[in-house]
Amino acid sequence: MARVQFLNCPPTLDFLSQGFYSTSIQVIPMTFSAKLKIQYDSEWTNTYSHSSSYGDEMLPEEHITMEIPAEDLTTTQLFKFFSNFLRAIGHCEVGIMKGACGTAFNEFQTQDDMRKVAEEYDLKLAEDYAKEFRKMQDEIYDLKAKLSRFEQPDNPNYTDAEMDAMDFQEWKGLIPGSPEAVKKNCKCPILDNQEMPDDRKWVNADCPLHGKVQ
Ligand SMILES: [Zn+2]
């Protein structure tokens, strides 16, 4: 690969008959090469003095070196190379996948950056999913309430579905025991609610958000 280097020396000016100046630059051809090498060396030392042999399953020594020309490698190619290496030294596919995801999704990344990556792979962040889910849940409660009113137009009381819809709205989309609700002083059971569907949550009467007794 040739590279053009612009030197600091003043360019020579050639006066042309038309009255223009042209600048000539000295061109120095350069080559750039880069190589990436990862090496793994393992060795078993027998500390049991009565036996000098290794088990049939055990390799006394192992040396693995992988090398790749690295002039134009993309990040994706580098990860591909690294995952091949991890596979060679005995890591399983799922572990490698988790490791790569752990690089992208962890508490030290900003939510914006993680969202960019998630969108590229057609994934949803739990934070975004919860919001969308709540919006849909809200619509479902509303539709169920309207349907119940349509079926019993003369019912003088609120229908069950209408009460459910009001409860949900009163919760302001904050599911009892959810981390968002707990942040806002929810006193409902957390663990017991984890396995429950969103419209069947345990509610504590003395919860300031969800309790009936205030
Ligand atoms: Zn609560």
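Preceding this section is the structure that the text describes.
First, a word on scope: everything that follows refers to the structure included in this document. Quantities reported herein were computed from a predicted structural model and do not represent experimental measurements.

1. A closer look at the overall build of the chain
Part 1 of the reasoning: Along the chain, the regular secondary structure elements total seven helices and four strands.
Part 2 of the reasoning: When burial is assessed residue by residue, the chain has 7% of its 214 residues classed as buried.
Part 3 of the reasoning: A separation of at least 24 residues holds for 34% of the contacts in the chain among residues at least 6 apart in sequence.

2. Examining the pairing of strand E3 (residues 35-43)
Part 1 of the reasoning: Across the nine residues of E3, zero count as buried, placing the element largely on the outside.
Part 2 of the reasoning: Relative to strand E4 (residues 61-69), E3 runs antiparallel, the two sharing nine bridges. From the neighbouring strand, Ile38 faces E4, where its bridge partner is Met66.

3. Thoughts on the environment of Lys131
Part 1 of the reasoning: Following the sequence through the fold, Lys131 ends up in helix H4 (residues 126-151).
Part 2 of the reasoning: A tally of 14 C-beta atoms within 10 Å means that Lys131 is categorised as partly exposed.

4. Observations regarding helix H2 (residues 93-104)
Part 1 of the reasoning: Here H2 spans 17 Å end to end across 12 residues, near enough to the 16 Å set by a 1.5 Å rise per residue.
Part 2 of the reasoning: In terms of burial, H2 is largely open, as just zero of its 12 residues are buried.

5. Describing the packing of H4 against helix H5 (residues 160-170)
Part 1 of the reasoning: Remark: H4 packs on H5, axes separated minimally by 8 Å, with the N-to-C direction vectors making an angle of 155°. Taken as axis vectors, H4 and H5 run roughly antiparallel relative to one another. For the pair H4 and H5, the crossing hand works out as left-handed. Packed against H4, whose contacting residues are Asp138, Tyr141, Asp142, Lys144, Ala145, Ser148 and Arg149, the element H5 presents Ala161, Glu162, Asp164, Ala165 and Phe168 at the interface.

6. Some words on unusual backbone geometry
Part 1 of the reasoning: Positive phi, normally seen in glycine, also occurs at Asp122, with a value near 60°.
Part 2 of the reasoning: Along the chain, Asp122 falls in the loop between helix H3 (111-120) and H4.

7. So, the environment of Thr65
Part 1 of the reasoning: For Thr65, the position within the fold is in strand E4.
Part 2 of the reasoning: Residues Thr65 and Ile38, spaced 27 residues apart in sequence, show a C-alpha to C-alpha distance of 5.7 Å.
Part 3 of the reasoning: Non-local contacts of Thr65, meaning those with residues more than four positions away in its chain, are made with Lys37 and Gln39.

About the cut-offs
- Residues numbered from 1 in each chain as written.
- Predicted model: local features only at pLDDT ≥ 70, side-chain atom pairs only at ≥ 80, totals over all residues.
- Helix = DSSP H or I, 4+ residues; strand = E, 2+ residues; numbered from the N terminus.
- Buried ≥ 20, exposed ≤ 12 C-beta atoms within 10 Å, placed from the backbone.
- Contact = placed C-beta atoms within 7 Å.
- Pairing = 2+ DSSP bridges.
- Expected span 1.5 Å × (residues − 1).
- Axes fitted to C-alpha atoms, helices over the stretch in contact; angles between N-to-C directions.
- Parallel < 35°, antiparallel > 145°, perpendicular 65-115°, else oblique.
- Left-handed = near helix turned anticlockwise from the far one by under 90°.

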